[in-house]
Amino acid sequence: MKKALTALFFTLPCLVLALACAHAQARSHAQATAKPAAASQRESRDGEAEARLIEIYKLIGQSSPREALRKAESLVRDHPNFQLAQLVYGDLLAGFTRPLRAPGDVPEITASKTAAPLLAELRQESLLRLRALRERPAPGTVPSQFLALSPRNKHAIAIDASRSRLYLFENSAGGIKLVADYYISVGKSGIEKSVEGDLRTPVGVYFITSNLDRKSLRDFYGSGALPINYPNQLDVKRGKTGGGIWLHGTPPAQFSRAPLATDGCVVLANPDLERIIRTVEVRSTPVVIAHSLKWVAPQSLAADSKSFESMLQGWHSAKSSGDMAKLTAWYTPDFTSYGKTLAEWTPALQTELKQLGGRDIQLKDVSYLRWTDSTDTMVVTFGELVKGAKTGRTKRQYWVRQGSQWKIFFEGTI
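Conventions we followed
Residues numbered from 1 in each chain as written. Predicted model: local features only at pLDDT ≥ 70, side-chain atom pairs only at ≥ 80, totals over all residues. Heavy atoms only, no water. Helix = DSSP H or I, 4+ residues; strand = E, 2+ residues; numbered from the N terminus. Buried < 20%, exposed > 50% of the residue type's maximum accessible area, 1.4 Å probe, protein only. Contact = heavy atoms within 4.5 Å. Axes fitted to C-alpha atoms, helices over the stretch in contact; angles between N-to-C directions. Parallel < 35°, antiparallel > 145°, perpendicular 65-115°, else oblique. Expected span 1.5 Å × (residues − 1). Left-handed = near helix turned anticlockwise from the far one by under 90°. Nonpolar A, V, L, I, M, F, W, Y, C, P; charged D, E, K, R; others polar. Salt bridge = Lys/Arg side-chain N within 4 Å of Asp/Glu carboxyl O. 1 Å grid on protein atoms, 1.4 Å probe; cavity = no way out; pocket = protein on both sides within 12 Å on 5 of 7 lines; lining within 4 Å. Points joined across faces, edges and corners; volume = space filled by probe spheres on them. Core = buried A, V, L, I, M, F, W, Y, C linked by side-chain atoms within 4.5 Å. Polar contact = N/O pair within 3.5 Å; in protein donor to acceptor, adjacent residues only side chain to side chain. Pairing = 2+ DSSP bridges.

Undergrad: Help me out: how do you make sense of the overall build of the chain in this one?
TA: Looking only at helices and strands, the chain has 12 helices and 17 strands in total. Across the 414 residues that make up the chain, the buried fraction comes to 51%. Of all intrachain contacts in the chain linking residues separated by at least 6 positions in sequence, the fraction that spans at least 24 positions is 63%.

This is the structure:
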């Protein structure tokens with residue numbers, strides 16, 4: 001039985017023990033600094049159920065099936081709606097009576113046509129959880145989209161759809177630090193949403209726009225929901241349609257959903273979502289959704305950040321000068337601002353310059369988030385404060401690279 005189970009779980013291209021060690025290292029600091037809690041509280045802590053599942057995989061890899069079975073029984077008792085844990089528990093029980101060929105090895109005589117898709121989804125979920133834990137980002141690295149975060153961006157989120165993984169970051173004076181990561185589900189048809197109803201999750205740079213109280217939602221959304229601003233201004237420029245893309249939880253009957261299971265939203269287990277809800281800030285927390293994240297050392301982004309900063313400074317100088325010709329040269333011919341073309345928007349800009357009366361403009365809390373696909377786009381958010389004023393406005397611009405230059409194709413107050 002030990003050989004059968006060990007062989008079964010070593011069909012993955014790495015050692016389960018190594019996976020568990022990587023997972024333990026990733027969470028060790030948080031666990032070391034956490035306050036003592038009752039067992040029932042630990043059960044519902046974010047990431048706890050997955051950590052216990054990985055521990056079971058580790059025991060299987062160590063040829064300790066009876067201890068693995070004991071822990072699996074405890075896990076499914078604490079989380080009876082965790083279907084993947086139920087699958088592993090069933091395999092462990094079955095492994096004492098017959099050889100196993102694959103995870104969820106149900107005899108053909110008892111396997112129905114309706115059960116086969118569910119088993120396939122659970123197997124894929126297992127592989128993705130293990131892959132994400134095996135292929136950990138190097139310590140200290142960050143997604144390449146996070147060119148520069150301002151102090152107002154206290155947290156940031158990055159989603160790697162290829163790994164079904166959400167990464168949560170903390171931004172402080174010491175830089176951006178990965179603090180947690182979680183398994184997630186995306187659209188039934190995958191990613192790269194383009195039209196309403198296509199059952200895809202969008203990719204790009206977004207922001208959390210609100211926090212919907214769970215009491216106002218159906219049980220389907222679990223512990224709550226965090227809508228994001230899809231379609232963003234790049235999506236609008238590209239003619240993409242649809243809306244209602246949320247980060248939300250799972251219904252009571254499910255601990256987690258299949259990797260491809262939503263209508264386009266990003267879905268987390270409820271304890272994980274609750275951690276996100278407690279942590280992030282509405283309107284200032286960026287959410288990057290990518291097919292695959294590119295992890296880089298923060299210092300490698302400095303050159304690009306400085307290069308773009310000189311462009312932003314050029315726009316700032318043109319606006320401070322009050323010269324309309326110089327200023328409008330920074331905008332693309334197809335510029336829009338909430339439905340207004342450049343020609344329609346220019347009079348409001350002229351009025352704004354007159355009101356400045358030659359006073360300097362200060363830019364505060366500037367952040368740059370870069371998105372590169374068929375074009376190179378920069379999402380810039382900053383506070384704009386007229387010299388001498390006590391309050392100002394928060395603005396967002398979308399810039400596009402045109403050759404060696406950057407131009408603005410959207411600008412608006414948020």
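Once the structure has been displayed, the description carries forward.
Undergrad: Looking at this structure, I do not really get the packing of helix α6 (residues 83-95) against helix α7 (residues 115-134). What am I missing?
TA: Angle between the axes and distance between the axes are the two parameters that describe a pair of packed helices. Direction vectors running N to C along α6 and α7 enclose 100°, while the axes themselves pass 10 Å from each other. As judged from the angle between their axes, α6 and α7 are roughly perpendicular. Residues Gln-83, Leu-84 and Leu-87 of α6 touch α7, and the partners they reach there are Leu-118, Leu-119, Leu-122, Glu-125, Ser-126 and Arg-129.

Undergrad: Is there a simple way to think about helix α4 (residues 48-61) in this case?
TA: Because each turn of an α-helix spans 3.6 residues, side chains separated by three or four positions end up pointing in the same direction. Taking 1.5 Å of rise per residue, the 14 residues of α4 would be expected to cover 20 Å, and the 20 Å separating its terminal C-alpha atoms lies within 8% of that figure. Most of α4 sits out of view: 13 of its 14 residues are buried. The positive-phi residue at the C-terminal boundary of α4 is Ser-63, with phi of around 60°.

Undergrad: Can you help me understand the packing of α4 against α6 in this one?
TA: Orientation of α4 relative to α6, taken along the N-to-C sense of each, is 25°, at an axis distance of 11 Å. Taken together, α4 and α6 sit at an angle that is classed as roughly parallel. The handedness of the crossing between α4 and α6 comes out as left-handed. When α4 is examined against α6, the residues Leu-53, Ile-56, Tyr-57 and Ile-60 are found in contact with a partner set consisting of Leu-84, Ala-85, Val-88 and Leu-92. When its residues are assigned to classes, the contact of α4 with α6 shows eight nonpolar, no polar and no charged.

Undergrad: How should I be thinking about the pattern of salt bridges in this particular structure?
TA: Close approach of charged atoms lets side chains of opposite charge pair. Applying the stated criterion across every chain yields a total of 31 salt bridges. Glu-67 is paired through a salt bridge with Arg-70; the nearest N and O atoms lie 2.5 Å apart. Placement of the pair is Glu-67 and Arg-70 together in helix α5 (residues 65-78), with a separation of three residues, close to one helical turn. What you see here is one network of salt bridges that share partners, running through Glu-50, Glu-125, Arg-129, Arg-136, Arg-165 and Asp-181.

Undergrad: Looking at this structure, I do not really get α6. What am I missing?
TA: Taking 1.5 Å per residue, 13 residues should reach 18 Å; α6 reaches 18 Å between its end C-alpha atoms and fits that length. All buried positions along α6 are accounted for by Leu-84, Ala-85, Leu-87, Val-88, Tyr-89, Asp-91, Leu-92, Ala-94 and Gly-95.

Undergrad: What is the right way to look at the environment of Ile-208 in this model?
TA: The topology assignment puts Ile-208 in the loop between β5 (204-207) and β6 (225-227). The contacts of Ile-208, once residues within four sequence positions are left out, are Ile-157, Leu-226, Pro-227, Ile-228, Val-280, Val-282, Arg-283, Thr-285 and Val-287.

Undergrad: Teacher, can you tell me more about the layout of surface pockets here?
TA: Rolled over the atoms, a probe sized like a water molecule indicates the empty space that remains. One number sums up the size of the second largest pocket: a volume of about 440 Å³. Looking at the lining of the second largest pocket, the elements with two or more residues in it are β14 (361-372), β15 (376-386) and β16 (393-402). Along the lines of polarity and charge, the residues of the lining of the second largest pocket split into nine nonpolar, 11 polar and five charged.

Undergrad: Looking at this structure, how should I read the nonpolar core?
TA: One recurring pattern in soluble globular proteins is that nonpolar side chains are buried together. Core analysis: the biggest nonpolar cluster contains 45 residues, and Ile-157, Ile-159, Leu-166, Ile-228 and Ile-276 have the highest contact counts within it. Sequence-distant contacts of Ile-276, that is, excluding residues within four places in its chain, are made with Ile-157, Leu-166, Leu-168, Tyr-182, Leu-226 and Leu-268. In terms of nonpolar packing, the next biggest core, distinct from the first, is built from 28 residues, Val-296, Leu-301, Met-311 and Ile-361 among them.

Undergrad: What is the right way to read the environment of Glu-411 from this model?
TA: If you trace the backbone, Glu-411 turns up in strand β17 (residues 405-413). Since its relative accessible area comes to 3%, Glu-411 is described here as buried. Sequence separation between Glu-411 and Lys-395 is 16 residues, and the spatial gap between their C-alpha atoms is 7.1 Å. For Glu-411, the side chain forms a polar contact with the side chain of Gln-397, separated by 3.0 Å.

Undergrad: Explanation requested: the sheet that holds strand β12 (residues 331-337) in the structure shown.
TA: Strand pairing in a sheet takes place through backbone hydrogen bonds and is either antiparallel or parallel in direction. Pairing in this open sheet of six strands is mixed, and the strands run β13-β12-β17-β16-β15-β14 from one edge to the other. Here the strands that pair on one side only, and so sit at the sheet edges, are β13 (340-341) and β14. With eight bridges connecting them, β16 and β17 associate as antiparallel partners. Bridge pairing in β17 links Gln-397 to Glu-411. In the packing of helix α10 (residues 302-321) onto the sheet, the strands contacted are β12, β14, β15, β16 and β17, and the crossing angle to β14 comes to about 135°.

Undergrad: What should I look at first to understand the environment of Ala-269 in this one?
TA: Mapped onto the fold, Ala-269 is located in the loop between β9 (266-268) and α9 (270-279). With 19 residues separating them in the primary sequence, Ala-269 and Thr-250 have C-alpha atoms 5.9 Å apart. Apart from residues lying up to four places away in sequence, Ala-269 is in contact with Thr-250 and Phe-255.

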